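# Structural features, examined
What follows is the residue order along each chain.
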Amino acid sequence: MNLTTAKDTLKKYFGYDSFRPLQAEVIQRIYDNKDVILLMPTGGGKSICFQIPAVTMEGTCVVVSPLISLMKDQVEALRANGIKAAFINSSLTYKEQQEVENDLYHGRLDLVYTSPEKMASRDFFPLLKSAKISFFAIDEAHCISSWGHDFRPEYRQLRFLKKTFPDKPIIAVTATADKLTRKDIAVQLEISDQQMFIASFDRPNLSLEVRPGRKRIEQILEFIVERPNQSGIIYCLAKKTTENICGKLLENGIKADFYHAGLDSNQRSKVQEDFINDRTPIICATIAFGMGIDKSNVRWIIHYNLPKNIESYYQEIGRAGRDGADAATLLFYSGGDLMMLRDFIQQNDSKYREIHSAKLDRMYQYATSLICRRKILLNYFNETNFENCGNCDICNNPPKYLDGTVIAQKALSAVARLKEQVASGVVVDVLRGSKSYGILSKGYDKIKTYGAGKDIRQQDWFFYLEQLVNQGLFEIAYDDYNKVKLTEASKAVLFGQQKIQLVQAEMVEKRKKEEAEKADAKRRKTSVRQRVRDELFEHLRKLRLTLSREKGIPPYIVFSDATLEEMAAERPSTEADMFKISGVGEVKMQEYGHDFLRAIQSFLLEKKDQGVSVKGATYLETFRYYQQGYGVEEIASTRELSPNTIMSHFAYLYEKGENIDIKKFVNKEEIRKIAEVIGHLDEPFKLKEIFDALNEELNYGQIRLALSYLENRKYVRKDNVIDT
Ligand code: ADP
Ligand code: ZN
């Protein structure tokens, strides 16, 4: 087995032209009968690494997968590409199970997915032994490790594989990167950790944005309204929050549902199914949602609350944009979230308390940091990276600094005079000279710093206090009503021995305004071309939905968003063009190719009829008349174009592979003459030279057609011709 076959198979079945980084290397290892541990981020393309060898090698690849929904999803996607795949798990009836086992025994499957329980069970073992197995793939391999976040004890039993099948390669894949887990996978499966392949964890198509968690609902509504028809997930920490937010969305006419562990399993699978099938575009969920699905067209992720660590955050945002098309992520954070998570760790995690606290701190630092977000993330995952990414909020709007010494002194002095006995809200009220009952009744208006920070808006004060906390000038006593306390570092600033820098606060507002203006300008500037492209995408998306309903499969399994986007941009008009689109393999070409070609054609013609000039439509219109039996002259006069132009359309269409009978316009003898003439011409030649050499017997249109014909027969290289 070699990589050329692998590459052909990739195009034939999946419609992709090339491998992503590491895919080819990993596949080669399996061909070489060697084990592999593969670490790749979610959406990186792990599955292809075992699916291609499974299709090309003799025998069946057995895939161990932790969740029934994942198995179903993958098998559905494989079958849609014409690959023989099935799963065996408890969701099947006895009879269905027997059928799959039969197929496995008789070698009729390229892949069979199953659970770790089934793998290790006594009744399955004889079949495993007698079937012809090509190799084993362990999906979500981190489940084998108690260090990982989804430990599944049954995975441990997979140790028997290496012992019982010493000559069958094992490929273990996961998106969990931490060192302990990796090592554990190697030990448990008895794979040498020399065989580890680690892909970059960068997901450049995900934009990263972080905002302070104020007026979150308002911000979320705005965010969603800007993204009509897109699928997205809003992650929350608490069950109640998911329900509340969902309610708010519904009130505002936005279709949404919620998902959390409090629902029974029927309800949960219904929510999941509706999401997968694009019936419900938006889900408000606790973190339990999303692990079991491969939906590739999730276009955005919002974190309503701060996640508990960077690993979870990265895994959750990773569920967006798996198809490689652009996707947006937005994280809200607040001190309140931080506190809640801290409490949670204190109460629950006796054993790993310190690790978990440290990880939570890193998460909070990420949220409040002011350098390129992606740089922080990649460095966290041990990928040294010094480049600014250009696709995060910080890169898009670099912060502006000011001398914040006086601001800091005012705040520090207020805290000192309040005897470190109040939370930040009161500190800000005092600084701003609030006349609220709470402040006056305690006599805080008598304090010297009362009103000293009137000139700074409330939200800006919060922004500054947060920065001061991050710079170590204050501490928040989470265990004592969040009172603001001074630190060792406070004194130097308070007594003027140290200057400090702050990020200018209006920036937050200004940034938002600037962004809105930019978006507006962009909208205004959006060319006709882009608008047509968006409309066509929408048109194709609807067709996809209809076809997927007919077939009873999720829309993204028909074609991914990325594939539709490419179609909308390229507007393929022939089978050959369509086959060039990434994601269009042979089976999908057969199943859906023509529906989409027709949809593109009719859309373009409709646009043309509306007077919008679109590239490609003019040829289509000529073709439409041609198909209706009109001749060159008739088409030319109807379309008010010259006959030569119409003939050049025919030439174009013919070159594109459309069924144009060239001999109708230029006969065999004439073509022969042209072939003879060009044989004598120096390359590159001009149409006019041919025209002259033939004593003006044939017109330009005929010459173009003849050249297309000859080119098709490889008599002449087209780039030799310079049009007159
Ligand atoms: P993972 O299992 O790592 O989360 P998948 O295997 O589901 O990722 O792949 C994510 C998406 O990328 C899928 O839509 C898949 O079809 C697509 N993909 C994988 N490999 C390629 C490739 N070589 N070219 C184009 N798309 C690819
Ligand atoms: Zn960046």
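Residues numbered from 1 in each chain as written. Chains lettered and ligands numbered in written order. Predicted model: local features only at pLDDT ≥ 70, side-chain atom pairs only at ≥ 80, totals over all residues. Heavy atoms only, no water.

### Considering the overall build of the protein chain
Counting secondary structure elements, the protein chain contains 34 helices and 19 strands. Overall, the C-alpha framework of the protein chain stretches about 105 × 70 × 50 Å when taken along its three principal axes. The proportion of buried residues among the 724 residues of the protein chain is 52%. For the protein chain, long-range pairs separated by at least 24 residues make up 70% of all intrachain contacts whose partners lie at least 6 apart in sequence. Split by element, the accessible area of the protein chain, about 34600 Å² in all, is 49% carbon and sulfur. Charge centroids of the protein chain, computed over 105 positive and 100 negative side chains, lie 5 Å from each other. (Helix = DSSP H or I, 4+ residues; strand = E, 2+ residues; numbered from the N terminus. Buried < 20%, exposed > 50% of the residue type's maximum accessible area, 1.4 Å probe, protein only. Contact = heavy atoms within 4.5 Å. Areas by Shrake-Rupley, 256 points an atom, 1.4 Å probe, with all protein chains shown as cover. Lys, Arg positive; Asp, Glu negative; His and termini not counted. Charge placed at Lys NZ, Arg CZ, Asp CG, Glu CD.)

### Overview of the site of ligand 1
Taken together, 14 residues form the shell around ligand 1, and within it Tyr16, Ser18, Gly43, Lys46 and Ser47 come nearest. In the model, a nitrogen atom of ligand 1 is placed 3.0 Å from a nitrogen or oxygen of the Gln23 side chain. Taking 570 Å² as the accessible area of ligand 1 by itself, protein coverage stands at 85%. Top element by residues in the shell around ligand 1 is helix H3 (residues 46-56). It accounts for 3 residues. When grouped by side-chain class, the residues that make up the shell around ligand 1 number 4 nonpolar, 7 polar and 3 charged. (Near = heavy atom within 4 Å. Polar contact = N/O pair within 3.5 Å; in protein donor to acceptor, adjacent residues only side chain to side chain. Nonpolar A, V, L, I, M, F, W, Y, C, P; charged D, E, K, R; others polar.)

### Some points on the environment of Gly336
Note on placement: Gly336 falls in helix H14 (residues 335-348). As a C-alpha pair, Gly336 and Asn482 span 146 residues in sequence and 9.4 Å in three-dimensional space.

### Re the coordination of the zinc ion (ligand 2)
Each protein donor to the zinc ion (ligand 2) is listed here as Cys372 (SG), Cys389 (SG), Cys392 (SG) and Cys395 (SG); together their distances run 2.4 Å. For the zinc ion (ligand 2), the 4 donor atoms in the first shell make angles of 103 to 119° at the metal, a pattern classed as tetrahedral. As a motif over one chain, the donors of the zinc ion (ligand 2) read C-x16-C-x2-C-x2-C. Among the residues examined, Cys392 registers a relative accessible area of 1% and is labelled buried. (Donors = N, O, S within 2.8 Å, 3.2 Å for Na, K, Ca; no water. Tetrahedral: all angles 85-135°; square planar, octahedral: opposite > 155°, others 65-115°.)

### Description of the pattern of salt bridges
Per the counting criterion, the structure on display carries 47 salt bridges. Residues Lys12 and Glu586 are paired through a salt bridge, measuring 4.0 Å at the closest nitrogen-oxygen approach. With Lys12 in helix H1 (residues 3-14) and Glu586 in helix H28 (residues 586-609), the pair connects residues that are 574 residues apart, well separated along the chain. Among the salt bridges present, the one from Asp278 reaches Lys295, with a minimum N-O distance of 2.5 Å. (Salt bridge = Lys/Arg side-chain N within 4 Å of Asp/Glu carboxyl O.)

### Points about the nonpolar core
Ranked by internal contacts, the top residues of the largest apolar core, which has 140 residues, are Leu111, Ile138, Ile171, Tyr366, Met567 and Phe596. No other element matches H28, which puts 9 residues into this core. Once residues lying within four places of it in the same chain are set aside, the contact partners of Phe596 are Leu540, Leu543, Arg544, Leu547, Val558, Phe559, Leu564, Met567 and Met578. Counting 32 residues, the second largest nonpolar core, distinct from the first, contains Met647, Ile678, Ile703 and Leu705. (Core = buried A, V, L, I, M, F, W, Y, C linked by side-chain atoms within 4.5 Å.)

### Looking at the environment of Pro53
Among the structural elements, Pro53 can be located in helix H3. Each C-alpha atom, one on Pro53 and one on Leu543, is 33 Å from the other, the two residues being 490 residues apart in sequence. Ignoring any residue separated from it by four or fewer positions in sequence, one finds Pro53 in contact with Ile27, Ile30, Tyr31, Ile48 and Phe135.

### Brief notes about the sheet that holds strand S4 (residues 111-114)
Pairing within the open sheet is parallel, and its 7 strands lie in the order S3-S4-S2-S5-S6-S1-S7. This sheet does not close on itself; its edge strands, each paired only once, are strand S3 (85-88) and strand S7 (196-198). Pairwise comparison of adjacent strand axes, ignoring direction, gives a mean angle of 20° for this sheet. Relative to S4, strand S2 (residues 60-64) runs parallel, the two sharing 4 bridges. In the strand pairing of S4, Val63 is matched with Tyr113. Packing against the sheet, helix H2 (residues 23-31) makes contact with strand S1 (36-39), strand S5 (133-138), strand S6 (170-174) and S7, and its axis sits at approximately 165° to S1. (Pairing = 2+ DSSP bridges. Axes fitted to C-alpha atoms, helices over the stretch in contact; angles between N-to-C directions.)

### Quick notes on the sheet that holds strand S8 (residues 206-212)
Spatially, 6 strands are ordered S8-S13-S12-S9-S11-S10 in an open sheet, and the strand pairing comes out parallel. The sheet terminates laterally at S8 and strand S10 (256-259), the two strands that pair on one side only. For this sheet, the mean angle separating the axes of adjacent strands, direction not counted, is 15°. Pairing of strand S12 (residues 298-303) with strand S13 (residues 327-333) involves 4 bridges; the strand directions are parallel.

### Thoughts on the side chain of Gln188
Here Gln188 lies in helix H9 (residues 179-189). Non-local contacts of Gln188, meaning those with residues more than four positions away in its chain, are made with Ile144, Arg156 and Arg159.

### Brief notes about unusual backbone geometry
Positive phi values are uncommon outside glycine, yet Leu22 reaches one of about 80°. Among the secondary structure elements, Leu22 is positioned in the loop between H1 and H2. Even without glycine at this site, Asn482 takes up a positive phi of about 55°. For Asn482, the location among the structural elements is in the loop between strand S15 (474-477) and strand S16 (483-486). Residue classification places Asn482 among the partly exposed residues on the basis of a relative accessible area of 22%.

### Notes on the pairing of S12
Within S12, 6 of the 6 residues are buried, which leaves it mostly tucked inside the rest of the structure. The pairing of strand S9 (residues 231-235) with S12 spans 5 bridges and is parallel. Looking across to S12, one finds that Ile233 is bridged to Ile301. Between the parallel elements S12 and S13, the chain passes through helix H13 (residues 310-317) in a crossover that is right-handed. (Right-handed = clockwise from strand over helix to strand, strands pointing away.)

### So, the domain arrangement of the protein chain
Interface extent is often summarised as the accessible area lost during association of the parts. Once the domains are mapped, the protein chain shows domain 1 (3-198), domain 2 (206-334), domain 3 (401-507), domain 4 (528-615) and domain 5 (619-713). Between domain 1 and domain 4, the contact holds 13 residues from the first and 15 residues from the second. Counting the surface lost from both domain 1 and domain 4, the interface buries some 1000 Å², and carbon and sulfur atoms represent 53% of this. Our count for the contact surface shared by domain 1 and domain 4 stands at 1 salt bridge. Summed over the shared surface of domain 1 and domain 4, the result is 5 residue pairs in polar contact (both at pLDDT 80 or more). Elements supplying a minimum of two residues to the side of domain 1 that touches domain 4: H1 and helix H4 (68-80). Split by residue class, the side of domain 1 that touches domain 4 holds 5 nonpolar, 3 polar and 5 charged. (Domains from an automatic or database assignment. Buried area = accessible area lost by both parts, 1.4 Å probe.)

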